[in-house]
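Descriptive analysis of the structure
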Amino acid sequence: MSDTPKSLDALRERIDAVDSDILRLISERAACAKRVAEIKTQEDPDTVFYRPEREAQVLRRIMALNEGPLDAEEMARLFREIMSACLALEQPVKVAYLGPEGTFTQQAALKHFGHSAVSLPMAAIDEVFREVEAGAVHYGVVPVENSTEGVVNHTLDSFMDSSMRICGEAVLRIHQHLLVSSNTRKDKVSRIYSHPQSFAQCRKWLDAHYPHAERVAVASNAEAAKLVKTEWHSAAIAGDMAAKLYDLERIAEKIEDSPDNSTRFLIIGNHDVPMSGEDKTSVVVAMRNQPGALHELLEPFHRHAIDLTRLETRPSRSGVWNYVFFIDFKGHRDEPRVAAVLEEVRLRAADLKVLGSYPMGVL
Ligand SMILES: C=C(O[C@@H]1C=C(C(=O)O)C=C[C@H]1O)C(=O)O
């Protein structure tokens, strides 16, 4: 900016003027979003205002237009919050997540929907599914895979019995910290609480730094953080949200063994999402138990040059030696190429369920 003023007073004056512009523009944007909501209501009185594909497009556009000095992700996060606030004017999105409060899943929910969403903690993954199914909330957020520890089987299994659709995904970088309370004797830590996944993600660090401490697995990191408050010889492994919520001190930060430790979460809802331009599709397929079944299943994807992003095998609950495959791939079910593959797979499979086509995670 060549016309940036030089003195402190002049710069502050300039910032005030820019803030007035930002304020006016955000208000103008909010008024437009309100008007969109009115039009949607006229078209369908029971409409859900939130549109995952449109929000993904807005964020991608902002990231592409951004020229700095803020980086594109930081800018998109700001716009994420503006959209969240605009939407809440009409109807805050209600989201159930795998709780308790302070878990990484809550962090993922707020990252995806913004802080104006109403987030409600559930005690178990199937409860999240049930809340969405019952219409008590608009969406649910559940973890599905971690880059270090692999798949969350419980989430995949829940899809087998449910008619819920996948409406989005969110990927979160996971940083684990060793936390203590103000009562803890830091030199006397003999017990560490955490969720089994977190222990697994920090195994080498723990072996090196606390080889003799007892490791006690609990239902969530937030639960671990809570327990530490009551014991002078205990510490917990958990993330930032739990540390803040329970007012704990980090005595060691980012103790995960892998520097790019991340977890993928799925947004579940009860409707199909239109194309956003960069989408993924998730399906579950049951194959007849015969030689070459997996090859037969994957061949159409290869022939149509469809990019598989994940393949998981789970034992089917019906029949001892039958397997089901969870497959994620790039593309939307409304694209002719994807529709053609799905049709071929349907003919070869004992059963095919499309869990959803949804925008690839933006943030
Ligand atoms: C304004 C709309 O409704 C909601 C708000 C959006 C926004 O603030 O940009 C985007 C999509 C919807 O979640 C819309 O559909 O365009």
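Throughout what follows, the structure given in this document is the object of discussion. (Residues numbered from 1 in each chain as written. Predicted model: local features only at pLDDT ≥ 70, side-chain atom pairs only at ≥ 80, totals over all residues. Heavy atoms only, no water.)

A few points about the packing of helix H2 (residues 52–65) against helix H3 (residues 72–90)
Orientation of H2 relative to H3, taken along the N-to-C sense of each, is 145 degrees, at an axis distance of 9 Å. Relative to H3, H2 is oriented so that their crossing is right-handed. Residues Glu55, Val58, Leu59, Ile62 and Met63 of H2 touch H3, and the partners they reach there are Ala72, Glu73, Met75, Ala76, Phe79, Arg80, Met83 and Leu87. Here the contact of H2 with H3 is composed, by residue class, of ten nonpolar, no polar and three charged. (Axes fitted to C-alpha atoms, helices over the stretch in contact; angles between N-to-C directions. Helix = DSSP H or I, 4+ residues; strand = E, 2+ residues; numbered from the N terminus. Left-handed = near helix turned anticlockwise from the far one by under 90°. Contact = heavy atoms within 4.5 Å. Nonpolar A, V, L, I, M, F, W, Y, C, P; charged D, E, K, R; others polar.)

Structural notes on the sheet that holds strand S13 (residues 308–315)
Read across the sheet, four strands follow the order S13-S14-S12-S15 without closing on themselves; strand pairing throughout is antiparallel. Two strands in the sheet have a free side with no partner beyond their single neighbour: S13 and strand S15 (351–359). On average, each strand axis in the sheet is tilted by 15 degrees relative to the strand beside it, whichever way the strands run. Note that strand S12 (residues 279–286) and strand S14 (residues 323–330) share seven bridges and pair antiparallel. (Pairing = 2+ DSSP bridges.)

As for the sheet that holds strand S8 (residues 214–217)
Taken in spatial order, the five strands line up as S8-S7-S9-S6-S10 in an open sheet, and their pairing is mixed. The sheet is open, and its two edges are formed by S8 and strand S10 (249–252), each paired on a single side. Taken pair by pair, the neighbouring strands of this sheet meet at an average axis angle of 35 degrees, ignoring direction. Where strand S6 (residues 177–180) meets S10, three bridges bridge the pair, whose relative direction is antiparallel. Within the sheet, the bridge partner assigned to Val180 lies in S10 and is Glu249. Lying on the sheet, helix H9 (residues 221–228) is in contact with S6, strand S7 (191–194) and strand S9 (234–238); it crosses S9 at an angle near 155 degrees.

Topic: the site of the ligand
Contacts to the ligand come from Arg29, Val36, Lys40, Phe49, Tyr50, Arg51, Arg54, Glu55, Met83 and Leu87. Arg51 places a main-chain nitrogen or oxygen 2.9 Å from an oxygen atom of the ligand. A distance of 2.7 Å separates an oxygen atom of the ligand from a polar atom in the side chain of Glu55. Alone, the ligand offers 360 Å² of accessible surface; in the complex the protein occludes 89% of this. Looking at the shell around the ligand, the elements that each hand over two or more residues are helix H1 (8–43), H2 and H3. In terms of residue count, H1 provides more of the shell around the ligand than any other element does, three residues in total. Considered class by class, the residues forming the shell around the ligand number five nonpolar, no polar and five charged. (Near = heavy atom within 4 Å. Polar contact = N/O pair within 3.5 Å; in protein donor to acceptor, adjacent residues only side chain to side chain. Areas by Shrake-Rupley, 256 points an atom, 1.4 Å probe, with all protein chains shown as cover.)

Side note on H9
Those residues of H9 lying buried are Asn221, Ala222, Ala224, Ala225 and Val228. For H9, the arc enclosing every buried residue in end-on projection is 155 degrees, short of the 170-degree limit, so these residues lie on one face. (Buried < 20%, exposed > 50% of the residue type's maximum accessible area, 1.4 Å probe, protein only. Arc of directions from axis to C-beta.)

Digging into the environment of Glu145
Relative to the assigned elements, Glu145 resides in strand S3 (residues 139–146). Taking C-alpha positions, Glu145 is 9.8 Å from Leu156, a pair spaced eleven residues apart along the chain. Those residues in contact with Glu145, other than ones at most four positions away along the chain, are Gly150, Val151, Val152, Ser262, Thr263, Arg264 and Arg310.

Some thoughts on the side chain of Lys40
Structurally, Lys40 is set in helix H1. With no salt bridge to any partner, buried Lys40 finds its closest opposite charge in Glu55, at an N-O distance of 7.6 Å. Ignoring any residue separated from it by four or fewer positions in sequence, one finds Lys40 in contact with Thr47, Phe49 and Arg51. (Lys, Arg positive; Asp, Glu negative; His and termini not counted. Salt bridge = Lys/Arg side-chain N within 4 Å of Asp/Glu carboxyl O.)

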